[in-house]
Amino acid sequence: IAVELPIVANLADHVEVAVIALERGVPQATLGGHALRVDHGRAWFEASAFAAKEPCAVPIPGRIECPEIGFAIVAERGTDKTIELDERMGVAFDADRLHFPVMVRPWKRGDVLRPFGIDGHAKVSDLFSDSKVPRAIRSRWPVLMHGDELIWVVGLRRGAWAPLTETTRSVVRFRVEETPRVFAW
């Protein structure tokens, strides 16, 4: 269901219209050229549709901006084997076990991850549902690839590939850094 909402003059009016859409259970609406989306109890405005980016190499060291999601992926190389306590905000891999370049690409239907510390595979779509990632942004959600192996659903879950061990000499660390969102949740 999509509806056209009246054009309003200021942010307060936009917020009021969004609240009305939430109360009425409208999942999608157009408001002055912006798309209002509602999913998992959250509402946000999209300025325009974003095309999925093609896979690209992650510069190490370096960063890749993901403004449509609201964060950047920062890559660093070093010898510090300190493990991140929150895999959503950062992960570390044994650099000697990775084949470069590590690629970043948008999630695709059917993607699976071998989660770190768990036998078997998990559907990324299930991770999205469990984490309440809105459906409208899933197709743009970045994942890190090591060849054909998905190694990190960025900001959500690390894969089992190239864990740090006692014999690790060189570490590649990826972390999430918040940036201004192109749209707000």
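Now for a quick tour of the structure. (Residues numbered from 1 in each chain as written. Predicted model: local features only at pLDDT ≥ 70, side-chain atom pairs only at ≥ 80, totals over all residues. Heavy atoms only, no water.)

**What about the packing of aromatic side chains?**
Logical step 1: Enumeration over the complete set of coordinates arrives at 3 aromatic pairs.
Logical step 2: Both rings, one in Phe 93 and one in Phe 174, keep their centres 6.0 Å apart while their planes meet at 65°; by these two values the pair is edge-to-face. You can see Phe 93 sitting in strand S8 (residues 90-94) and its partner Phe 174 sitting in strand S15 (residues 171-178), a full 81 residues away along the chain.
Logical step 3: By relative accessible area, Phe 174 is classed as buried at 0%.
Logical step 4: Pairing Phe 128 with Trp 141 gives two aromatic rings, centres 6.1 Å apart and planes at 70°, and the pair type is edge-to-face. With a gap of 13 residues between them, Phe 128 in helix H2 (residues 124-131) and Trp 141 in the loop between helix H3 (135-138) and strand S12 (142-146) connect regions that are remote in the sequence.
Logical step 5: Overall, Phe 128 belongs to the buried group, its relative accessible area being 0%.
Logical step 6: Above the plane of the ring of Phe 116 lies Arg 158, whose end atom (NZ or CZ) is 5.0 Å from the centre. (Phe/Tyr/Trp six-rings, centres within 6.5 Å; stacked < 30°, edge-to-face > 60°. Helix = DSSP H or I, 4+ residues; strand = E, 2+ residues; numbered from the N terminus. Buried < 20%, exposed > 50% of the residue type's maximum accessible area, 1.4 Å probe, protein only. Lys NZ or Arg CZ within 6 Å of the ring centre and 35° of its normal.)

**Focus on the environment of Thr 165**
Logical step 1: With respect to the element layout, Thr 165 can be found in the loop between strand S14 (157-158) and S15.
Logical step 2: It is 9.5 Å that separates the C-alpha atoms of Thr 165 and Phe 93, two residues lying 72 residues apart in sequence.
Logical step 3: Those residues in contact with Thr 165 that lie beyond four places of it in its chain are Lys 81 and Asp 94.
Logical step 4: Side chain to side chain, Thr 165 and Thr 167 meet in a polar contact 3.0 Å long. (Contact = heavy atoms within 4.5 Å. Polar contact = N/O pair within 3.5 Å; in protein donor to acceptor, adjacent residues only side chain to side chain.)

**Regarding the sheet that holds strand S7 (residues 71-78)**
Logical step 1: Read from one edge to the other, the open sheet built from 4 strands follows the order S6-S7-S15-S8, with strand pairing classed as antiparallel. Every other strand in the sheet has two partners, leaving strand S6 (62-66) and S8 as the edge strands with one partner each. Pairs of neighbouring strands in the sheet enclose a mean axial angle of 15°, with direction left out of account.
Logical step 2: The pairing of S7 with S15 spans 8 bridges and is antiparallel. Note on S15: the bridge partner recorded for Val 74 is Arg 175. (Pairing = 2+ DSSP bridges. Axes fitted to C-alpha atoms, helices over the stretch in contact; angles between N-to-C directions.)

**Focus on the pairing of strand S9 (residues 103-106)**
Logical step 1: Direction of pairing for strand S5 (residues 56-57) relative to S9: antiparallel, over a ladder of 2 bridges. Note on S9: the bridge partner recorded for Ala 57 is Met 103.
Logical step 2: Pairing of S9 with S12 involves 4 bridges; the strand directions are antiparallel. Considered in S12, the bridge of Val 104 is made with Leu 144.

**Regarding the nonpolar core**
Logical step 1: Of all hydrophobic cores here, the largest spans 33 residues; its most connected members are Phe 128, Trp 141, Leu 144, Val 153 and Phe 174.
Logical step 2: Elements represented by at least two residues in this core include exactly S6, S7, S8, H2, S12, strand S13 (149-153) and S15.
Logical step 3: Residues within four places of Val 153 in sequence aside, it is in contact with Leu 113, Val 124, Leu 127, Phe 128, Trp 141, Pro 142 and Val 143. (Core = buried A, V, L, I, M, F, W, Y, C linked by side-chain atoms within 4.5 Å.)

**Focus on H2**
Logical step 1: Where H2 is concerned, the buried positions are Val 124, Leu 127 and Phe 128. Looking straight down H2, one finds that the buried residues subtend no more than 100° of arc, so they occupy a single side.
Logical step 2: Buried-residue contacts for H2 involve strand S10 (112-113), strand S11 (122-123), H3, S13 and S14.
Logical step 3: Lys 132 occupies a position one or two residues after H2 and carries a positive phi of about 60°. (Arc of directions from axis to C-beta.)

**What to know about the pairing of S12**
Logical step 1: Here S12 lies mainly inside the structure; 5 of its 5 residues are buried.
Logical step 2: Pairing of S12 with S13 involves 4 bridges; the strand directions are antiparallel. Bridge pairing links Val 143 to Val 153 in S13.
Logical step 3: Connecting the antiparallel pair S12 and S13 is a turn made up of 2 residues, with Gly 147 showing a positive phi of about 65°.

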